[in-house]
Amino acid sequence: MSKDVNAVSRVRMHRNGPELSGVIWGSMRMQSQFSSLGQLTEHLNWLHEQGITTLDTASVYGHPDPFSVEEELGEAIARAGRDKFEIVTKCGIQRISRLRPENRVRHFDFSAKEIRNSTERSLRKLGIDEIDLMLLHRPDYLMDPDETAGALDALIAEGKIRHVGVSNLSVSRIDLIASRLKAPVTTNQIEFSPLHLDPISDGTLDHALREGYKPMIWSPVGGGRLLKSDDEQIAALRSLLAETAQTYGLAGPAEAAIAFIARHPAGGVPIVGSGKRDRIAGAIKAANTELDRQDWYAIVAKTNPSLFL
Ligand SMILES: NC(=O)c1ccc[n+]([C@@H]2O[C@H](COP(=O)([O-])OP(=O)(O)OC[C@H]3O[C@@H](n4cnc5c(N)ncnc54)[C@H](OP(=O)(O)O)[C@@H]3O)[C@@H](O)[C@H]2O)c1
């Protein structure tokens, strides 16, 4: 039977990890995309109907105040139905804000105290009993691996977190934390797109394959830069992606970028940041579209010819 290209797949992120939807929706930009709780709730219901059940957020999302995205998203999730979604959030980034007067500089904190406080605050803001997947958001260079791992394992034992993962961590730092954790590291959430090819050559995707976890991919269309930038090189890449899209019956360059990510054997799951239904539907089809090897390499060559030297 042939695959339905408009159906969202289910992805087991690690043999002992969560099952997520094969396209994830990211809430980082939602405050500029939806102007009422009703609109956001309707959007979540629509995502669920499409098969997108995983929602990505973070403690720091929100303007002007951090935590406001978790709170507003939590209200919409309560209306749409908690049981319909897997909720991914993140801890560890410390922003300067009126809500955190103790922060003099932006920094990162994986101390046990901060991980616990952040988890409890996220649970409260989101209005849920358990976080399906908690990620360490950005590397804390002062991380004490025993302390960080101990805090995460304790929160799992208490039923506050179901699974743990990391984001933007080097492979050596993932190995370090994994060596102290009882729970498996079930994902690494990373930037990867035709505009950002580092993961294909710096060992990030190799590590995911070796350790058997699926990465989550943020900014798959470069946060919109791929579509809007006037930069000559990006414009040339966009034209190539538009041609690729035409070949595969995809809507346009953004969708070709998502098919590009999906082609890598590491099986990265795109986190789509658009608030528009046609673009999200296009991303679902793109995630199910297999690019030919040479079409994939043509995109690499356009972005970074030095990878062929
Ligand atoms: N772990 C981390 O450090 C990290 C960092 C950044 C993001 N994230 C997560 O990843 C998610 C996705 O990131 P992202 O929002 O940067 O992803 P993205 O999907 O690359 O970018 C979304 C942006 O691109 C625009 N866009 C999409 N398709 C377009 C098109 N065809 N033409 C013009 N504009 C288009 C969208 O505008 P419209 O809404 O108008 O479509 C939106 O502003 C975030 O929500 C967040 O959950 C994680």
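Below you will find a few notes about this structure. A quick note: this is a predicted structure, and the numbers were derived from the prediction, not measured. (Residues numbered from 1 in each chain as written. Predicted model: local features only at pLDDT ≥ 70, side-chain atom pairs only at ≥ 80, totals over all residues. Heavy atoms only, no water.)

1. Here's the deal with the environment of R82
Thought 1: Among the secondary structure elements, R82 is positioned in the loop between α3 (68-80) and β5 (86-91).
Thought 2: R82 gets classed as partly exposed once you look at its relative accessible area, which sits at 23%.
Thought 3: For the pair R82 and A242, spaced 160 residues apart in the sequence, the C-alpha separation amounts to 38 Å.
Thought 4: Leave out the neighbours within four places in its chain, and R82 touches I77, I87, I128, E130 and D132.
Thought 5: Of note is the side chain of R82, whose polar atom sits 2.8 Å from the backbone oxygen of F85.
Thought 6: Side-chain polar atoms of R82 contact the side chain of D132, separated by 3.0 Å. (Helix = DSSP H or I, 4+ residues; strand = E, 2+ residues; numbered from the N terminus. Buried < 20%, exposed > 50% of the residue type's maximum accessible area, 1.4 Å probe, protein only. Contact = heavy atoms within 4.5 Å. Polar contact = N/O pair within 3.5 Å; in protein donor to acceptor, adjacent residues only side chain to side chain.)

2. Things to note about the site of the ligand
Thought 1: Close contacts around the ligand come from 29 residues, with R29, D56, S219, S274 and K276 the closest.
Thought 2: For the ligand, a nitrogen atom lies 2.9 Å from a polar atom in the side chain of S167.
Thought 3: Interatomic distance of 3.3 Å between a backbone N/O atom of P220 and an oxygen atom of the ligand.
Thought 4: About the coverage of the ligand: the protein hides 89% of its 910 Å² of free accessible area.
Thought 5: Across the shell around the ligand, the residue classes break down as eight nonpolar, 14 polar and seven charged. (Near = heavy atom within 4 Å. Areas by Shrake-Rupley, 256 points an atom, 1.4 Å probe, with all protein chains shown as cover. Nonpolar A, V, L, I, M, F, W, Y, C, P; charged D, E, K, R; others polar.)

3. Points about helix α11 (residues 253-263)
Side chains that are three or four residues apart share a direction in an α-helix, a result of its 3.6 residues per turn.
Thought 1: By the criterion of burial, α11 is predominantly enclosed, with nine of the eleven residues buried.
Thought 2: The set of residues buried in α11 consists of P253, A254, E255, A256, A257, I258, A259, F260 and I261.
Thought 3: Looking at the buried residues of α11, the elements they touch are β11 (216-218), α9 (225-228), α10 (232-248), β12 (269-272), α12 (277-287) and α13 (293-303).

4. Looking at the pattern of salt bridges
Thought 1: Here the structure, examined in full by the defined rule, presents 20 salt bridges.
Thought 2: The partner of E114 in a salt bridge is R100, and the shortest N-O contact between them spans 3.5 Å. Taken as a pair, E114 in helix α4 (residues 112-126) and R100 in the loop between β6 (93-94) and β7 (107-108) lie far apart in primary sequence, 14 residues in all. Like E114, the residue R100 is buried in the burial classification.
Thought 3: Each of R10, R12, E19 and E86 takes part in a single network of salt bridges with overlapping partners. (Salt bridge = Lys/Arg side-chain N within 4 Å of Asp/Glu carboxyl O.)

5. With respect to a nonpolar patch on the surface
Thought 1: A cluster of nonpolar residues, Y297, L307 and F308, forms a patch on the protein surface that exposes about 280 Å² of accessible area.
Thought 2: Along the polypeptide, Y297 turns up in helix α13. (Patch = residues over 30% accessible without salt bridge, like charges linked within 9 Å, V, L, I, M, F, W, Y side chains within 5 Å.)

6. Details of the side chain of S274
Thought 1: Note that S274 resides in the loop between β12 and α12.
Thought 2: Setting aside residues up to four positions removed in sequence, S274 forms contacts with W25, Q33, R279 and I280.

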